Each structure stands twice: as structure tokens, then as C-alpha cells.
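Geometric and topological summary
If you want the building blocks of each chain, they are given just below.
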Amino acid sequence: MKNKHIKLFIPGPTEIREEIRKEMASPLIGHRSKEISLLLEEISSKVQKLLFTKNTIFVFTSSSTGFMEAAIRNCVKKKVLHLSCGAFGERWEEIAKRNGKEVESLRVPWGEAILPEMVEEKLKKGDFDAVALIHNETSTGVTNPLEEIAKVIKKYPEICFLVDAVSSMGGIKIEVDKLGIDVIFAGSQKCLALPPGIAIGAVSEKALKKAEIVENRGYYFDFLEHFKYWKEKKQTPATPSISHLFALNKKLSEILFEEGLENRFKRHQEMAKIVQDWARERFALFANEKYLSPTLTVISNTREIDIEKLRKNLREKGKEIAPGYGKLKGKCFRIAHMGDLQPEEIKELLSEIDQFLKIK
Ligand SMILES: *Cc1c(COP(=O)(O)O)cnc(C)c1O
């Protein structure tokens, strides 16, 4: 079955430009060739630029959830504090539990952010060896105050700071070394505007040292196994999705050298403002105003419209938006403004929603 092209305004997978889709179809190279080592080295130095870091870069052939599991399995020896403000935070807690780790959760109501003083309070009392934070909670449209939280965690040098930047990497500026983040990762299909299938992360020396004393790291996601292959060969332990690597390399060049990082972050802010202004006038924003995400907006269904009818109407016009996540289904809908989307495309989408609402 060949689907018709529907432009995606959903928080992953995001819309992928044709040149990138074509890059995926490049002829393959061997996963033990000199060429792949050079390709991975290029990717590594570009990801370091994207994340303002000197840390080791790993590319896993898995979706982001694989990296969530990897962070836990490699960097939690005993007890992890999960900072949780939505569905992805809860998923990460579940992953840690199923891997047999002792878990404590700091949960705030959906729509609210994790605040630094809450983290401080927990850290003062607990004997954690890792803290896990979702930077941008895709179920609620909240961006947690990463810099302020990082300042608190820095006071505890024994703690590994693990950050899920799945829906923010490439859309929001994150200065990894300055913030002291030990593990940070994202999947390819969100702000990086690539097809799903790989996850990209940066791992600090402290995290690698930590892995040495953690048992049962498994094999596929073992940081030390990946590090060994990287150090000796600039390769990966198992065959990576080579097609994705071609596309990633090209995409990173576009981001860094054609659009420019600052422009990219600004474009995300600009698109967010357009959607937020529109939504405030017609509906309401689900997330706390102080922590609105630059990459997606969760809109409360205050007009009590039939969201599925709206989505069907938009699909007929070749566009797709997302329903509310999990328990927010029916109560909210989500518009992603991440990746390669342009402000004009966002405006066109909003005017089509206005037509559906019979506004103007
Ligand atoms: C999408 C998402 C994930 C899970 O990503 P997969 O690629 O489906 O594994 C995890 N965390 C956040 C914040 C996300 O937005």
C-alpha cells in the first residue's frame, strides 16, 4: 500500500524533507569498512557541536526508548530519582523498575513543571546515585527548567544526571558540558526531522566510569562495549542502520552549516509563539504559561469540539495533528512545531483549523 503524503504536525515522527528521504536510499557501505568509521567520526563531531559538548557520542539502532533503558542500565547502581511531569516521565520510571532498580519518583501534576527547589529537597534526603529528567514532556507540552535543575544536581558530584531530550534536541539549545549532563539522548524522528529508527546520545566520562561498577548492563546497550568499539575502530559493536547514518550526517550538516543552530532555535520559538497566540484566543493552553514548550503545544479543548472529526477533516486536506496523549485524549489536542516545519506551514495549518471551527 502506498500512502498519500500527509504533512505531519505531530510530535514524532515529524515531516521529513525529500532530500533526506532520498539520502536514506544511498548505496550501502560495510559496517566494518574504513568508510563507516569516517562517517561515524563526522557524525560524532557534528553531534558534539549540536550539544555543545566534548562527551562521547553514541548512535544506537533503536528508538529513543532504547536509550532510556540504556541510561538506567549503565548508570544506576542502586537508586534513581525520577523527575516526572507526564507520560514519558512515567514510562522512564517503569523502565527503571523493570530493570530491577530502586526507584523514587518526584511527580507533579500534568501541565506543571519540575522546580529546582523540589529536586533539592529530595536530594538532601535521599541517597540517589542517578537523577532522570524528561527535558521536554511531549505529553503535556511542558519544558522543564533544565538549567536551574542542573545547578542543583551539580552540588552532588556522585550523582549521574540523565536527561531525555527526545523532543527537544535540535529544537532547543542545550549546553551539555556547561550543565554537567552525564547522559543525554534523542531519537531521530522528532526535532531532528529524520525517519525513526536510531537514537543519538552524549555520554560523559563520569557516566562511563560509573558503568564500570554497575552490573547487568546487558550487551546491546552496554556503554562500555560501545565505547570499546568507538575507541578502537570508530565503529559500533553490532551492525547499525547505515541508511539512517547517511541521513543523519546530511541533516546535521544542514542544521549546523546551512540553517545555523541559533536560527534553528529561533525558528522553533517563533513557531511556538504563533501556535500559542492562536490557541489562547480560541481555546486555552494546557501547560503552565511559564514552562511552555518551544517544540509542541498542547491545547485544552475548551470549545468541546469533536477532536477526531477535526483530525479527519485535516487529514482530508493533507495534514495531521495529534490527539491528547493517554488520559488527555478528548480533553486536548497537540500541534507539534518541531523539526523542519516553517512558520508559514504552521499558519496554513491554523487557518485550516479556523475553517473547521468556522472562525472568520
Ligand atoms: C517520543 C518520546 C519518547 C519515546 O520515543 P520512541 O522513539 O518512541 O522510543 C521518549 N521520550 C519523549 C520525551 C518523547 O517525546
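For the structure itself, look to the data block above.
Residues numbered from 1 in each chain as written. Predicted model: local features only at pLDDT ≥ 70, side-chain atom pairs only at ≥ 80, totals over all residues. Heavy atoms only, no water.

**Some thoughts on the overall build of the protein chain**
We apply this condition: In this text, helices come from DSSP runs of H or I with a minimum length of four residues, and strands from runs of E with a minimum of two, each type numbered from the N-terminal end. Only C-alpha atoms enter the radius of gyration, while the globule expectation follows 2.2 Å times N to the 0.38, with N the number of residues. For each residue, the accessible area found with a 1.4 Å probe, counting protein chains only, is set against the maximum for its type, and the residue is called buried under 20%, exposed over 50%, and partly exposed in between. The Shrake-Rupley method, run with a 1.4 Å probe, gives the accessible areas here. Residue values count only the displayed protein chains as cover. Positive charges are assigned to Lys and Arg, negative charges to Asp and Glu, while His and the chain termini are left out of the count. In this description, the location of a charge corresponds to atom NZ of lysine, CZ of arginine, CG of aspartate or CD of glutamate.
Check the secondary structure of the protein chain and you find 13 helices and 14 strands. Over its C-alpha atoms the protein chain spans a radius of gyration of 20 Å, differing by no more than 12% from the 21 Å that the globule rule assigns to 360 residues. Each principal axis of the C-alpha atoms in the protein chain carries an extent, and together these give about 60 × 55 × 35 Å. Among the 360 residues that make up the protein chain, the fraction classed as buried is 60%. Carbon and sulfur atoms make up 51% of the accessible area of the protein chain, which totals about 15,300 Å². Seen as two clouds, the 60 positive and the 52 negative side-chain charges of the protein chain have centres 2 Å apart.

**Structural notes on empty space enclosed by the protein**
Condition: Cavities and pockets were defined on a 1 Å grid built from protein atoms only: a cavity is a group of points that admits a 1.4 Å probe but offers it no way out, a pocket is an open group of points flanked by protein on both sides within 12 Å along at least five of seven lines, and a lining residue is one with an atom within 4 Å of any such point. Grid points are joined across faces, edges and corners, and a volume is the space filled by probe spheres set on the points. For this scheme, ten residues count as nonpolar: Ala, Val, Leu, Ile, Met, Phe, Trp, Tyr, Cys and Pro. Four count as charged, namely Asp, Glu, Lys and Arg, and the remainder, Gly too, count as polar.
With the rule as written, the count across this model stands at 3 cavities of 30 Å³ or more. In this structure, the largest cavity encloses a volume near 110 Å³. Val-59, Phe-60, Thr-61, Tyr-219, Tyr-220, Phe-221, His-226, Thr-236, Pro-237, Ala-238, Thr-239 and Pro-240 are the residues that line the largest cavity. Of the residues that constitute the lining of the largest cavity, the class distribution is 8 nonpolar, 4 polar and no charged. Secondary structure elements with two or more residues in the lining of the second largest cavity: α2 (34-51), β2 (56-60) and α9 (223-233). For the lining of the second largest cavity, the per-class residue count stands at 6 nonpolar, 4 polar and no charged.

**Side note on the sheet that holds strand β5 (residues 130-134)**
Here is the rule: Any two strands between which DSSP finds at least two bridges are classified as paired. Between N-to-C directions, angles cover 0 to 180 degrees, with each direction set by a line fitted to C-alpha atoms, over the stretch in contact for helices. Note on contacts: a residue pair qualifies if any of its non-hydrogen atoms lie within 4.5 Å across the two residues.
If you trace the 7 strands from one edge of the open sheet to the other, you get β2-β10-β9-β8-β5-β3-β4, paired in mixed fashion. The outermost strands of the open sheet, each flanked by one partner alone, are β2 and β4 (102-107). The sheet shows a mean angle of 20° between the axes of neighbouring strands, taken without regard to direction. Here strand β9 (residues 183-187) pairs with strand β10 (residues 199-203) via 5 bridges, running antiparallel. Across the sheet, residue Val-183 finds its bridge partner in β10, namely Val-203. Lying on the sheet, helix α4 (residues 87-98) is in contact with β3 (79-84), β4, β5, β8 (160-164) and β9; it crosses β3 at an angle near 165°.

**Notes on the site of the ligand**
Test applied: We call a residue near a given molecule or strand whenever any one of its heavy atoms falls within 4 Å of it. N or O atoms closer than or at 3.5 Å make up a polar contact, with two conditions inside protein: a donor-capable atom paired with an acceptor-capable one, and, for residues adjacent in sequence, both atoms drawn from side chains.
Taken together, 14 residues surround the ligand, and among them Ser-63, Thr-65, Thr-138, Asp-164 and Lys-190 come closest. A distance of 2.5 Å is found between an oxygen atom of the ligand and a side-chain nitrogen or oxygen belonging to Ser-63. A distance of 3.2 Å separates an oxygen atom of the ligand from a polar atom in the side chain of Ser-64. A total of 390 Å² of accessible area belongs to the ligand in isolation, and the protein chains cover 90% of it.

**Quick notes on helix α6 (residues 146-154)**
Under the convention used in this document: The arc in question is formed by the directions pointing from the helix axis toward the C-beta atoms.
Residues Leu-146, Ile-149, Ala-150, Val-152 and Ile-153 constitute the buried set of α6. Buried residues of α6, seen end-on, are gathered within an arc of 160° and therefore sit on one face of the element. Seen from the buried face of α6, the exposed residues on the opposite side, beyond 90 degrees, are Lys-151 and Lys-154. Among the structural elements, β3, α5 (116-125), β5, β8 and α7 (176-179) are those in contact with the buried residues of α6.

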